[in-house]
Structures are given as C-alpha cells and as structure tokens.
Amino acid sequence: MSPTGDGIPFEKEEFSRRLALVKKEMERREMDTLLISEPSNIYYLTGYEACSYYVFQMLLVHRDLDEPVWIGRFMDAVSVRRMTHLSEKAIRHYTDEYVQSSDRDPVDFLVAQLREICPTLEAIGTETGSYYYTARAHTKLLSCLSNLRFVDAELLVNWVRIRKSPAELAIMREAGKISNAMITDAIEAAKPGMRECDLASVIYQRMIAGTPEYGGVLPSSPTYLLTGSRSGEPHAPWTDRLIGTNIPVNVETSGCRRRYHAPVSRTIFLGSPPEAYLRISNAVVEGIEAALAEVKPGVTCADIERTWQSTIARHGFHKEARLGYSIGIGFSPTWGERTASLRNSDLTVLEPGMAFHMMPGLWLGDNGVTITQSFIVTESGREDLTTIPRRLVIK
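As the structure is a computational prediction, the values presented were derived from the model and not from experiment.

A. Representation of the side chain of Arg259. When you line up the elements, Arg259 lands in the loop between β8 (247-257) and β9 (260-270). For the buried Arg259, no salt bridge is present, and the opposite-charge side chain at shortest range is Glu49, 5.0 Å distant. The contacts of Arg259, once residues within four sequence positions are left out, are Tyr43, Glu49, Val217, Leu218, Pro219, Ser220, Gly328, Ile329, Gly330 and Phe331.

B. Up close: the pattern of salt bridges. Throughout the structure, instances matching the rule amount to 29 salt bridges. Among the salt bridges present, the one from Glu14 reaches Arg18, with a minimum N-O distance of 3.0 Å. Residue Glu14 and its partner Arg18 are both found in helix α1 (residues 12-28); the two are separated by four residues, about one turn of the helix. Note on accessibility: Glu14 and Arg18 belong to one class, buried. Here Arg258 ties to Glu49 by a salt bridge, and the two come within 3.3 Å at their closest N and O atoms. You can see Arg258 sitting in the loop between β8 and β9 and its partner Glu49 sitting in the loop between α2 (39-46) and β2 (58-62), a full 209 residues away along the chain. A single burial state applies to Arg258 and to Glu49, both of which are buried. Linked through salt bridges whose partners overlap, the residues forming this network are Glu38, Glu154, Arg161, Lys164, Glu337 and Arg338.

C. Highlighting unusual backbone geometry. Residue Pro333 is bonded to the preceding Ser332 through a cis peptide linkage, with omega at 15°. One can find Pro333 in the loop between β10 (324-331) and β11 (334-342). The phi angle at Gln100 is positive, at roughly 50°, despite the residue not being glycine. Of note, the phi angle at Arg338 is positive, near 65°, even though the residue is not glycine.

D. Spatial organisation of the environment of Tyr53. By the secondary structure assignment, Tyr53 is in the loop between α2 and β2. Taking the C-alpha atoms as reference, Tyr53 lies 16 Å from His138; in sequence the two are 85 residues apart.

E. A look at the sheet that holds strand β5 (residues 123-126). In space, the six strands of this open sheet follow the order β4-β3-β2-β1-β5-β6, with mixed pairing throughout. Each edge of the sheet is formed by a strand with only one pairing partner; in this case those strands are β4 (91-94) and β6 (149-152). Averaged over neighbouring strand pairs, the angle between their axes works out to 25° when direction is ignored. As defined by bridge partners, strand β3 (residues 69-73) adjoins β4 across four bridges and the pair is classed as parallel. From the neighbouring strand, Arg73 faces β4, where its bridge partner is Tyr94. Relative to the sheet, α1 contacts β1 (33-36) and β2, its axis offset from that of β2 by approximately 70°. Sheet strands in contact with α2 are β1 and β2, and its direction is about 55° off that of β2.

F. Here's a closer look at the packing of helix α4 (residues 106-117) against helix α5 (residues 135-144). Contact geometry for α4 and α5: axes closest at 10 Å, N-to-C directions at 45°. When the interaxial angle is binned, α4 and α5 end up oblique. Note that α4 runs across α5; the crossing there is right-handed. Of the residues in α5, those touching α4 at Val107, Asp108, Leu110, Val111 and Arg115 are Ala137, Lys140, Leu141 and Cys144. Its residues placed into classes, the contact of α4 with α5 shows six nonpolar, no polar and three charged.

G. Broad picture of helix α8 (residues 196-209). Its 14 residues give α8 an end-to-end C-alpha distance of 20 Å, which sits within 8% of 20 Å, the value for a rise of 1.5 Å per residue. All of the buried residues along α8 are Glu196, Cys197, Leu199, Ala200, Ile203 and Met207. All buried residues of α8 lie within an arc of 155° about the axis, which places them on one face of the element. Residues of α8 that are buried in the fold lie against α7 (166-189), β7 (224-227) and β8. Just beyond α8, the residue with positive phi is Gly210, at close to 70°.

Thresholds applied
- Residues numbered from 1 in each chain as written.
- Predicted model: local features only at pLDDT ≥ 70, side-chain atom pairs only at ≥ 80, totals over all residues.
- Heavy atoms only, no water.
- Helix = DSSP H or I, 4+ residues; strand = E, 2+ residues; numbered from the N terminus.
- Buried < 20%, exposed > 50% of the residue type's maximum accessible area, 1.4 Å probe, protein only.
- Lys, Arg positive; Asp, Glu negative; His and termini not counted.
- Salt bridge = Lys/Arg side-chain N within 4 Å of Asp/Glu carboxyl O.
- Contact = heavy atoms within 4.5 Å.
- Pairing = 2+ DSSP bridges.
- Axes fitted to C-alpha atoms, helices over the stretch in contact; angles between N-to-C directions.
- Parallel < 35°, antiparallel > 145°, perpendicular 65-115°, else oblique.
- Left-handed = near helix turned anticlockwise from the far one by under 90°.
- Nonpolar A, V, L, I, M, F, W, Y, C, P; charged D, E, K, R; others polar.
- Expected span 1.5 Å × (residues − 1).
- Arc of directions from axis to C-beta.

Nothing here speaks to function; it is all geometry.
What follows is the structure, given as structure tokens:
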C-alpha cells in the first residue's frame, strides 16, 4: 500500500531516480539549467502538491546540483518542508511584496537565485507551452539573461514521467478504486426528476470520501455531467435543471489519489433507449473492446486508434477526435499528461508502465455515448484501472 496522505508520497530514492532521468535528458539537449513551472512536473520531482501555482513559482534543476531548488512565495515554504525531501538550502522563497505587485517582479528574484546558486549558466531550458509559464515571465527572463542560450524544454519532464514506477502504479490503482465507487454511486443515485447538480453532489461526495482504505482529493478537471439533448456536448458544466425521462446521462470524472488519476466515463440511460441510440452504444462498446484487445508493448498509439476506427466504421460511424491520451499526475486544468495520444498520427510505441485513458466517446449533435477505460500497459498486455462493466447502463 502506498504511503498515507499526510506524508511524503515516495521514498527519497524514487525522487533521486526521477531527477537522474531528467538530468540525462537535459544533457542530451545540451542544457545546464532547467526551469520547471508545470505543477505536475514539480510534483514528479519533489512531491510538492500545494495549490500555490496561482502565483509565480519555479523548480530549478541544474546538472551540477544534487537536488532541485524550489522558488516560490514565502508562506508556501512550510508546505514544501512538510511535503518534500528538499533541504533548507533548496527552498528559496520571496516576500509577499512580489505578489501581484506593480513595482516588483518575482522573475527578478528568480534571476538573482540563478546567479547565486547555479555553478554554470550557459543554456536554460524553459517549459514554453506550460499553462503556468507566461509570456511576460519569458520576456523578462530573456531581457535579464540576454547573454544566455534559451532552449525549448516543453514536455521534457512530461515524456520522462510517461513510464510509471511500481510505486506510482500502486497509487493509480487506488485512484481507480475511488473512480469505481464514484460511478457506482452515480448509477445508483441517478433518476428522473432530480437536479443535475444533485447528482453531481453525489459524485463529489464519494470523490472526497474515497473508500474506507483511503480518501480522495479534487481531481484536476471538473466532473462533466450532461443529460438529454446536451449529451452531445463533451465538456459543458452541469446545471440545476431537472433530469428527464427516456434520456441519456453522460458522466465523465476521475478519482484522484496523491494527484494521480484514473478517469472513467459511463452513460446511464434513464428509461427505454430507442433503437437508433442502441446502435450508437453498441458501436462504442464493440469499438472499445476491439481497441483494448490491441494493447500490448510494441504496438503504437496509431495501431490502436486504427482498430477503433475500422470497428466503428462497420456501424457507419467515425470519430474525428483522438481516442485517448496518457494519464498519471494531474493538476488543473487537465489530468492528461500532454504527451502520447491514441490517434492515427501518433507513432509512440507502448511500453510497460505507461497508462492511458481510452476515451471512445461519440458526441453526435444532441446525442452522445461515453464508455471509457483507463489502463496500464503491462509486460504482456494491459491492466484495467477501473472495473465497472463497459456497457450502456439502462435504468
């Protein structure tokens, strides 16, 4: 069993292994310094998971430093000390005068730290596509360090963490059990006449309560709950309208354990589904089963997606969006790792330890069906993270 939720999630050796992998990739790309702004990557290398990313923070990795250096707001340093193995010298915090200030820029603090603690400063990698690395911060860095070479290190750490360790997979299995409980509760509670928001509250109650063995936390994305004519929308919010009769209820959500996710979607049909709707759901089920049967080390993401498309094509359907994506650590706004996708242009080869959310949802105007599966790639095939039967739930 993984560590309880009140301590550091992994042993120091696990973080040292991850840091070595990142440094190896830095060396390959000829950079001596890496600035990490994405919370998922900061967590991967340290275990720090506080919700402080709404202000400026960075994790500094240098090829000649034994540990990463956290740079952030002073009041969050206490959480860094509790959540990580970092030494005091690796925790550098700025004062509150830098927060939302018109005359002080935390980038200036970062630059001062770089000059003080980095043995060399020649080539700096930055996560240029991160949701948390602003154009303003990058422009300021370029102006302050104009004599240095800047390297695009977007997704460097993301691709390193695509292969999970046994310790990570153990936590993802726990997240999967929470996901199972959430969908089970949603199926039991869903009924005509209740408000969409009341059904969402059932899901969130289980999301946080978790299981008797371990609790959950808020995942990186909201639960998507769309009913009736809105079931053709994939990412719209729920409302307080009443759920009708003879309609589908699409639920996409995820249990979250120590920031690791195991997403799941199911469609609950309240009443008697028409033949046309059954045709859609049957195509989705047949397609996902055929695609899952292809999962094993050595096949590509494109191979799996092609099997899905050819299967649903026999029923007269085509899905334009990708079939799925790599999962693991997640912070708002997404639980996707932003690396491999199950699509016909992605030639990523599956390896043991990778994890994906296969998302064969079909959204067709005012109708939709979502029946999904999160899984781990094993030495011989796959291991499912959730065990809810892959079928249309008719209630």
